[in-house]
Amino acid sequence: MGEAALDQSDPDLALLRFNHAECLRALKKFDQAVPLLHMVMAMQKSSIGANHPDTLASTASLAACLCEMRCEANAVPLLETVVEGRTLSLGPSHPDTLAARHDLASTILAMGSWSEALPLLYALVPEREAALGPDHAGTMASKAALATALVTARKYDEALPLLRAVADGADSPSADGAAAQLANCLTRQDEHSDALPYLRRVLSVKEKTLGVVHLDTITAVSRVGTCLASMGEPGQALPFFQRALGARTAPGSRSKPLDALSSMAGVADCHAAMGNADEAVRLYGKVLEMSKANAGGGADPATLRALAGLARVHQGAGRAGDALPLAQTLLEGCEALLGSNHVDTLAALQLLGGLYAAEEDGDKARDYYGCSLSGYVKTLGASHEKTAAVRKALAALGDGPHSTPVVSVSMAAPVVAVTAAVAAVAVSTPAAAAPVMVGEVEEVEEVEEVQSV
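Residues numbered from 1 in each chain as written. Predicted model: local features only at pLDDT ≥ 70, side-chain atom pairs only at ≥ 80, totals over all residues. Heavy atoms only, no water.

### As for the overall build of the protein chain
So, point 1. On a plain count of helices and strands, the protein chain comes out with 19 helices and three strands.
So, point 2. When contacts within the protein chain are restricted to residue pairs at least 6 apart in sequence, long-range pairs at least 24 apart make up 57% of them. (Helix = DSSP H or I, 4+ residues; strand = E, 2+ residues; numbered from the N terminus. Contact = heavy atoms within 4.5 Å.)

### As for the nonpolar core
Grouped burial of nonpolar side chains is what soluble globular proteins tend to show.
So, point 1. In terms of nonpolar packing, the biggest core is built from 121 residues, with Leu121, Leu163, Tyr284 and Leu330 touching the most fellow members.
So, point 2. Among residues more than four places away in sequence, those in contact with Tyr284 are Ala265, Ala268, Asp269, Ala272, Arg305, Ala306, Gly309, Leu310, Arg312 and Val313. (Core = buried A, V, L, I, M, F, W, Y, C linked by side-chain atoms within 4.5 Å. Buried < 20%, exposed > 50% of the residue type's maximum accessible area, 1.4 Å probe, protein only.)

### Here we look at helix H16 (residues 320-338)
So, point 1. The terminal C-alpha atoms of H16, which comprises 19 residues, lie 25 Å apart, in line with the 27 Å expected from a rise of 1.5 Å per residue.
So, point 2. Buried within H16 are the following residues: Ala320, Ala323, Leu324, Leu326, Ala327, Leu330, Leu331, Gly333, Cys334 and Leu338.
So, point 3. Directly beyond the C-terminal end of H16, a positive phi value near 100° is found at Gly339. (Expected span 1.5 Å × (residues − 1).)

### Topic: unusual backbone geometry
So, point 1. The phi dihedral of Lys28 is positive, around 65°, even though this residue is not glycine.
So, point 2. By the secondary structure assignment, Lys28 is in the loop between helix H1 (11-26) and helix H2 (30-47).
So, point 3. A residue is classified by how much of its surface remains accessible, and Lys28, at 59% relative accessible area, is exposed.
So, point 4. Its identity as a non-glycine residue notwithstanding, Arg70 has a phi of 60°, on the positive side.
So, point 5. Mapped onto the fold, Arg70 is located in the loop between helix H3 (53-68) and helix H4 (72-90).

### Remarks on the environment of Ser172
So, point 1. On the secondary structure map, Ser172 appears in the loop between helix H8 (156-168) and helix H9 (175-188).
So, point 2. A C-alpha to C-alpha distance of 5.4 Å links Ser172 and Ala137, two positions 35 residues apart in sequence.
So, point 3. Leave out the neighbours within four places in its chain, and Ser172 touches Ala137, Met140 and Val166.

### Quick notes on the packing of aromatic side chains
So, point 1. On inspection of all chains with the given rule, the structure shows one aromatic pair.
So, point 2. Seen in terms of ring centroids, Tyr356 and Tyr368 are 5.5 Å apart; in terms of plane orientation they differ by 5°. Their pairing is stacked. Of the two residues, Tyr356 is situated in helix H17 (residues 343-358) and Tyr368 in helix H18 (residues 362-379); the sequence distance between them amounts to 12 residues.
So, point 3. The exposure class assigned to Tyr356 is buried, which follows from its relative accessible area of 14%. (Phe/Tyr/Trp six-rings, centres within 6.5 Å; stacked < 30°, edge-to-face > 60°.)

### A word on helix H13 (residues 257-273)
So, point 1. Over its 17 residues, H13 extends 25 Å from the first C-alpha to the last, a length consistent with the 24 Å expected when each residue adds 1.5 Å.
So, point 2. In terms of burial, H13 is largely enclosed, as 15 of its 17 residues are buried.
So, point 3. Downstream of H13 by one or two residues, Gly275 has phi in the positive range, about 90°.

### Digging into the side chain of Thr217
So, point 1. Along the chain, the position of Thr217 falls in helix H11 (residues 215-230).
So, point 2. Sequence-distant contacts of Thr217, defined by excluding residues within four places in its chain, comprise Leu203, Lys206, Glu207, Leu210, Gly211, Val212 and Arg243.

### Here's the deal with the pattern of salt bridges
So, point 1. Taken as a whole, this structure holds 11 salt bridges when the rule is applied.
So, point 2. Here Arg319 and Asp322 are joined by a salt bridge, their closest N and O atoms 3.8 Å apart.
So, point 3. With a relative accessible area of 37%, Arg319 lands in the partly exposed category.
So, point 4. Look at Asp322 and you get partly exposed, because its relative accessible area is 43%.
So, point 5. Here the salt bridges do not stand alone but share partners, grouping Asp269, Arg305 and Arg312 into one network. (Salt bridge = Lys/Arg side-chain N within 4 Å of Asp/Glu carboxyl O.)

### Observations concerning the environment of Val313
So, point 1. Here Val313 lies in helix H15 (residues 301-316).
So, point 2. You can call Val313 buried: its relative accessible area is 15%.
So, point 3. Spatially, the C-alpha atom of Val313 lies 9.9 Å from that of Asn276, the residues being 37 residues apart in sequence.
So, point 4. Sequence-distant contacts of Val313, defined by excluding residues within four places in its chain, comprise Ala272, Ala277, Val281, Tyr284 and Arg319.

### Remarks on the state of the cysteines
Cysteine pairs can be covalently joined through their sulfur atoms, and such a bond is termed a disulfide.
So, point 1. Going through the model one piece at a time under the given rule, you end up with zero disulfides.
So, point 2. Free cysteine Cys65: the closest other cysteine sulfur is in Cys67, separated by 9.4 Å. (Disulfide = S-S within 2.5 Å.)

### As for the side chain of Lys143
So, point 1. Looking at where Lys143 falls in the secondary structure, it is placed in helix H7 (residues 137-152).
So, point 2. The class of Lys143 is buried, set by a relative accessible area of 8%.
So, point 3. Setting aside residues no more than four positions away along its own chain, Lys143 makes contact with Val125, Glu129, Pro134, Leu162 and Val166.

### Quick look at the packing of H1 against H3
So, point 1. As a packed pair, H1 and H3 sit with axes 11 Å apart at the nearest point and diverge in direction by 25°. Relative to H3, the element H1 is oriented roughly parallel. In this structure, the crossing between H1 and H3 has a hand that is left-handed. Facing Phe18, Glu22 and Arg25 of H1, the residues of H3 in contact are Ala57, Ser58, Ser61, Ala64 and Cys65.
So, point 2. Grouping the amino acids of the contact of H1 with H3 by side-chain chemistry returns four nonpolar, two polar and two charged. (Axes fitted to C-alpha atoms, helices over the stretch in contact; angles between N-to-C directions. Parallel < 35°, antiparallel > 145°, perpendicular 65-115°, else oblique. Left-handed = near helix turned anticlockwise from the far one by under 90°. Nonpolar A, V, L, I, M, F, W, Y, C, P; charged D, E, K, R; others polar.)

### Here we look at the packing of H13 against H15
So, point 1. At a minimum axis distance of 9 Å, the contact between H13 and H15 shows a crossing angle of 15°. Overall, the two elements H13 and H15 adopt an arrangement that is roughly parallel. Here H13 runs over H15; the crossing is left-handed. Counting all contacts with H13, which are made through Leu258, Leu261, Ser262, Ala265, Gly266, Asp269 and Ala272, the residues of H15 involved are Ala302, Arg305, Gly309, Arg312 and Val313.
So, point 2. Of the residues that constitute the contact of H13 with H15, the class distribution is six nonpolar, three polar and three charged.

Honestly, it's all geometry; don't read function into it.
In structure tokens form, the structure reads like this:
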């Protein structure tokens with residue numbers, strides 16, 4: 001029997017085609033599934049009505065395919081139709097209606113419209129908790145989506161409890177993504193000891209799901225090393241940076257050249273912090289040479305990391321005059337790459353303040369410390385340890401040019417700041433040098449993919 005002879009209004013035929021489309025969707029053949037689902041929807045609307053559960057299921061499946069094809073703008077009207085239809089037929093608190101509302105809010109969020117998604121998710125989470133329970137996978141997915149929106153809105157204080165609840169709560173498809181995002185937030189807030197177990201968890205998941213040499217796995221390896229270095233544990237960090245460097249420079253590696261240079265700079269940082277100055281200087285020099293060859297010597301993270309490391313080595317050896325031009329170039333690069341208010345730019349200002357204090361140039365030291373202090377207050381808060389350290393350094397300098405010079409600012413715990421492109425590490429040195437920016441090229445997801453449940 002030919003296609004034309006089939007009864008196009010037959011619900012069973014529509015169901016058969018829907019099941020075919022679902023198989024294509026499972027095989028990720030979305031370009032084939034989409035036209036078939038359009039056909040199914042047209043058949044179902046004419047035979048069983050637009051708000052029938054089967055029609056709405058086909059509409060939701062088409063929207064899911066479009067989202068997979070990164071056509072979220074086309075999916076949103078379909079999801080709005082599903083929400084409206086399920087609200088009318090099932091009620092606003094039915095689990096299927098709540099799932100449709102989750103999909104709509106998550107799709108809007110994926111488009112970057114977090115301000116529009118946020119009120120939808122604020123309303124949805126308590127309703128899913130009431131209908132499904134706090135540990136249900138659907139509730140966890142909505143909590144994770146709300147946390148993602150809050151992170152995007154830079155509302156970290158609200159996001160952290162939600163991320164902890166999902167990451168540490170009942171096992172769900174959202175848990176590992178929440179753990180990764182929680183590690184990012186904790187690192188951004190300089191809470192490295194809290195971030196470390198989550199970074200290790202992310203690494204373990206990557207190794208199991210992607211393999212030990214996958215690029216994302218190696219990024220996770222490097223981030224564990226970065227965290228350990230930030231905690232003042234260069235001996236523990238070194239094997240992680242060495243592993244990342246070996247993988248990124250192995251024959252056939254698809255790593256970007258700057259990623260390999262960043263790992264090399266991480267190895268150098270560890271050697272510098274462990275007192276192996278000669279090896280650190282050799283590696284920093286190699287990073288600068290290779291970075292210039294690969295990127296023309298511009299303001300890339302690996303170059304800045306090497307500049308910071310060399311300045312630190314000179315400062316630790318009491319050669320502030322040799323460190324000053326390196327630190328000035330570092331500051332210019334940080335401003336160009338990260339902006340004037342980034343925490344690493346402020347750390348470069350702080351470094352320059354310490355170097356000028358060591359050179360007994362109190363006026364310039366106060367200028368750089370003052371800029372750093374005002375930036376830290378704005379970015380990190382008046383009570384943050386970095387803010388307190390610069391304030392202490394300024395107080396030690398006093399008001400006049402004859403005040404006792406401050407050779408360096410000793411930090412109780414080195415810190416790290418992670419952005420979508422750069423993870424910055426400040427490693428303590430035997431000479432208690434001022435914290436400096438050392439960039440780590442990372443592809444850190446600012447917004448984790450939210451689960452559709």
